[in-house]
Amino acid sequence: MKKPSLGLQVGLTILPIIVSLAITAILIIAAGADPRAVFEKVLEGAFRNSRSFANVLNFLIPLTLVSIGLVVTFTAGLWNIGVEGQMMMGAIFMTWGALNLTLPEPFQLIAQILIGMLGGGLWALLAGILKTRLGVHEIFGGVALNALANVLSIYLISGPWQPPEGGSVRSTVPFRPESLFTVIAPDFSVSLFALLIVLAALVIVWLALRGTRWGLQLKATGKNARSARLLGVPTTRSALSAFVVCGMLAGIAGTHRAITVYESLRPLASGGIGFLGLLVVLLAANRILLVPVITFLFAVIVGGSTRLKIALQLDSSLSGVLQETLVLMMLLFAGVRQRVLTRRDTSSTPEASPSTPAEAAHE
Amino acid sequence: MNEQLINILAGIVATATPLVIAGLGETIIERAGVVNLSLDGSITLSALVGFIAALAAQAATGSDAVALLCGLLAAALTSAVIAFIVALGGITLRQDQVAVGFVLTMLAADIAQFIGQPYTGQLGPQILITPIPILSQIPIIGPILFRQTILVYFSYVLMIGLWYWMFRTRGGLAHRAIGERPAAAFARGTNVNRLRYFYTILGGALVGVAGGAYSLSVKAGWTTPPNMSGDGWIALAIVIFGGWHPFRVALGAYLFAGLRALAFAVQSSPDIGIPVVLLNAMPWILMIVTLLLVSSGSIERLLQILPRSVQKRMRNFLRAEPPAALGTRFDPE
């Protein structure tokens, strides 16, 4: 097949970015603001000082963790929409640990993280059992389990875990200092330990998917579950393990979020990060090494957007609009690209399309 | 039958109506072999756009009827455009329909949040109850079914009309064929992908009407966060529960609305002593349980308990087979 010209290649890669920026700009103008001012405020909001950059990193950490987990479930052909609830469940379990355990300094936090992993993993396992054993599609099981995790958190916060002064449905009591991450500096409240967890997760999952039997079985399950089963791959166990791994990573993400951002448990503490992770992995077309690049970009956009409300009276949901338009355009332009390339290739050998997570998720 | 009960049942029919319309819209789409996962965001954005259009038309013309009509049309158009993007991405551009739908549901919800702020709590026109002259006089049934808004009557016509279309006409046969066996339909001269576009956009427009039914009738106005969010997912689950059959889908929506009304009633009378947490969890537990019930493995296990004579009938009643080609692409070449 003749290689398409470089100009066409580059054009088809950049065009979706330009189009999504243009759409967002139109929306900003419609809301009566100046797109250039928005752009400046977002950058200012992300990089103004060490405090704002710490916010970006503290968003990056959980987002990258769930995205790595979602690469695993997408590889197994699963749409783990329940990741949001798995984060929440991680935060809930961790809070139990924070409120009920008293261990010396480093072990308290480590125990909480492990308990958080347990919570996320169990909630994901439930979605997995519903999917594999009981025939409830993971998208619907996940949506319901997300809502149930939120209901549970509200119940705990306004009931058994209510602060002694009472009357609050806002949050539990603040965690004790031993329960918190040790930060690099007071005005740069990022935990090196948390960053190292992210790095370790990235490397371990990357290697495991590339070079282990488990990774191979996940891929086989994701590509074609029926043939994989006929070839002796334990597809059910494969799928369940993918759910659990993703759930455990989401559990750490939820733990980190509750501890770092709120220092307590709050309703909706997961803050849509799980859903955003799904967008990240769609954008990365399930290539794990692209994940940290995209999560950084997204973290800058989200972190920077918090300034919009104060500076320009714009709702910070604008950051979501930009990210989602970008992913939508990437998907659509991937299709345009395939069409253009196959049309140019008159010998009509169908081009092997890149395996997107969406493709893999198709049974 | 006492009056209070009649009022409650009439209320259930009214609140179920957006779910009925959205569920039937999605049924049309999925029967054609396309999944439109964008329902939740579509309904939310349509509700907002419908509300804004109605406000603008009211200010411009001073007529509530014109305003409401404009609102419903704008709502229908909004979700039709979203459904068109699903079709474009899934059919022409050969991307995964689930992925496109998922991104669109999030995008539509965020756009609604972004532009909706100034409209929060504003008063707008509202669709009023129009009793049907003779039918509303029938005891019991009359006040429950025929003392409702025009949208409720529309949902009746829609469910009966859709059933007739799908199972009693040639066109309906082609509609189901492109969702079951697109290759066979193609061999008989059907333009599969063009028809899929048509049904996706048509069903999308109905989803939009459901959105308008919230902001112009059932939950009139606009709130932040939107008070109908989550219902789109429930409508999607109801389509599965309904086995892609118009009457069962509608029944699912009524059952769901009924259980929700029950939960609400129990919640507002504290002496019954069911914890609030359980009631808030109810819709979602219900969603899982209903999907469990219709999944083939669970049905078989459950049926073992029943006497043999009832088994077959129950199996036929509960079974829900998705259209065979649901969510797949069809290439005529």
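The rules behind each value
Numbering of residues starts from 1 in every chain and runs along the sequence as written. All chains are assigned letters beginning with A, and all ligands numbers beginning with 1, in the order in which they are written. Residues qualify for local features only when their pLDDT is at least 70, as the model is predicted, and side-chain atom pairs are given and counted only at 80 or more; totals for whole chains, interfaces and linings, by contrast, use all residues. In computing side-chain properties, one takes all heavy atoms of the structure into account and sets aside hydrogens as well as water. Counting from the N terminus, the helices are the DSSP runs of H or I reaching at least four residues and the strands are the DSSP runs of E reaching at least two. Here the radius of gyration uses the C-alpha set of atoms, whereas the globule reference equals 2.2 Å times the residue count to the power 0.38. Think of it in three bands: with a 1.4 Å probe and only protein chains considered, a residue is buried below 20% of the maximum accessible area for its type, exposed above 50%, and partly exposed in between. Here, residues are in contact when the closest pair of their heavy atoms is within 4.5 Å. Each accessible area is a Shrake-Rupley result for a 1.4 Å probe, and residues are judged covered by the shown protein chains and nothing else. Salt bridges are defined as contacts in which a side-chain nitrogen from Lys or Arg sits within 4 Å of a carboxyl oxygen from Asp or Glu. Note on definitions: buried area is the accessible-area loss of two parts on being combined, 1.4 Å probe, summed for both. Two N or O atoms form a polar contact when they lie within 3.5 Å of each other; inside protein one atom must be a possible hydrogen donor and the other a possible acceptor, and for residues adjacent in sequence the pair counts only when both atoms belong to side chains. Each axis is a line fitted through C-alpha atoms, and for a helix only the stretch in contact is used; angles between axes span 0 to 180 degrees, taken between their N-to-C directions. In what follows, roughly perpendicular refers to angles from 65 to 115 degrees, roughly parallel to angles under 35, roughly antiparallel to angles over 145, and oblique to any angle outside these ranges. Amino acids are sorted into nonpolar (Ala, Val, Leu, Ile, Met, Phe, Trp, Tyr, Cys and Pro), charged (Asp, Glu, Lys and Arg) and polar (every other residue, Gly among them).

A. Inspection of the overall build of chain B at higher detail. In terms of helices and strands, chain B carries 14 helices and two strands. For chain B, the C-alpha radius of gyration of 20 Å lies close to 20 Å, the compact-globule estimate for 333 residues. Of all 333 residues assigned to chain B, the portion counted as buried reaches 53%. Pairs at least 24 residues apart make up 76% of the contacts formed inside chain B by residues separated by at least 6 positions. Entry remark: accessible area of chain B is about 14600 Å², with carbon and sulfur atoms responsible for 68%.

B. Seen up close, the pattern of salt bridges. This model, assessed by the stated rule, comprises seven salt bridges over all chains. With a shortest N-O distance of 2.9 Å, E44(A) and R307(A) are connected by a salt bridge. With E44(A) in helix α2 (residues 35–47) and R307(A) in helix α12 (residues 291–312), this residue pair connects regions lying 263 residues apart in the sequence. Exposure remark for E44(A): the relative accessible area of 27% places this residue in the partly exposed category. Here R260(B) makes a salt bridge to D231(B), at a shortest N to O gap of 3.1 Å. You can see R260(B) sitting in helix α11 (residues 246–268) and its partner D231(B) sitting in helix α10 (residues 231–241), a full 29 residues away along the chain. A relative accessible area of 30% means that R260(B) is categorised as partly exposed. The structure contains a network of salt bridges with shared partners spanning K41(A), E44(A) and R307(A).

C. Fine view of the interface of chain A and chain B. On the chain B side, the residues contacting the 44 residues of chain A number 40 residues. Interface area for chain A against chain B, summed over the two sides, is near 3700 Å², with a carbon-plus-sulfur share of 78%. Applying the counting criterion to the chain A and chain B interface returns zero salt bridges. Counting every contact that joins chain A to chain B gives five residue pairs in polar contact (both at pLDDT 80 or more). When residues of the side of chain A that touches chain B are traced back to their parent elements, those giving at least two are α6 (138–158), α11 (273–283), α13 (317–344) and α14 (357–360) of chain A. Ranked by residues supplied to the side of chain A that touches chain B, first place goes to α13(A) with 15 residues.

D. Focus on the environment of I305(B). The topology assignment puts I305(B) in the loop between α13 (296–303) and α14 (308–318). Along the sequence, I305(B) and T200(B) sit 105 residues apart, while their C-alpha atoms lie 40 Å from each other.

E. Quick peek at unusual backbone geometry. Cis rather than trans, the peptide bond between T224(B) and P225(B) has omega equal to -5 degrees. Its place among the elements puts P225(B) in the loop between α9 (192–218) and α10. A positive phi angle, close to 60 degrees, is found at L268(A), a residue other than glycine. Locating L268(A) in the fold gives a position in the loop between α10 (235–262) and α11. The residue N286(A) is not glycine, and still its phi comes out positive at about 65 degrees. Looking at the element boundaries, N286(A) is found in the loop between α11 and α12.

F. Seen up close, the packing of helix α7 (residues 170–180) of chain B against α9(B). All names here are of chain B. Relative orientation of the contacting elements α7 and α9 amounts to 100 degrees, with a least axis distance of 10 Å. It follows from the interaxial angle that α7 and α9 lie roughly perpendicular. Touching G171, H175 and I178 of α7 are V192, L195, R196 and Y199, all from α9. Of the residues in the contact of α7 with α9, the class split is four nonpolar, two polar and one charged.

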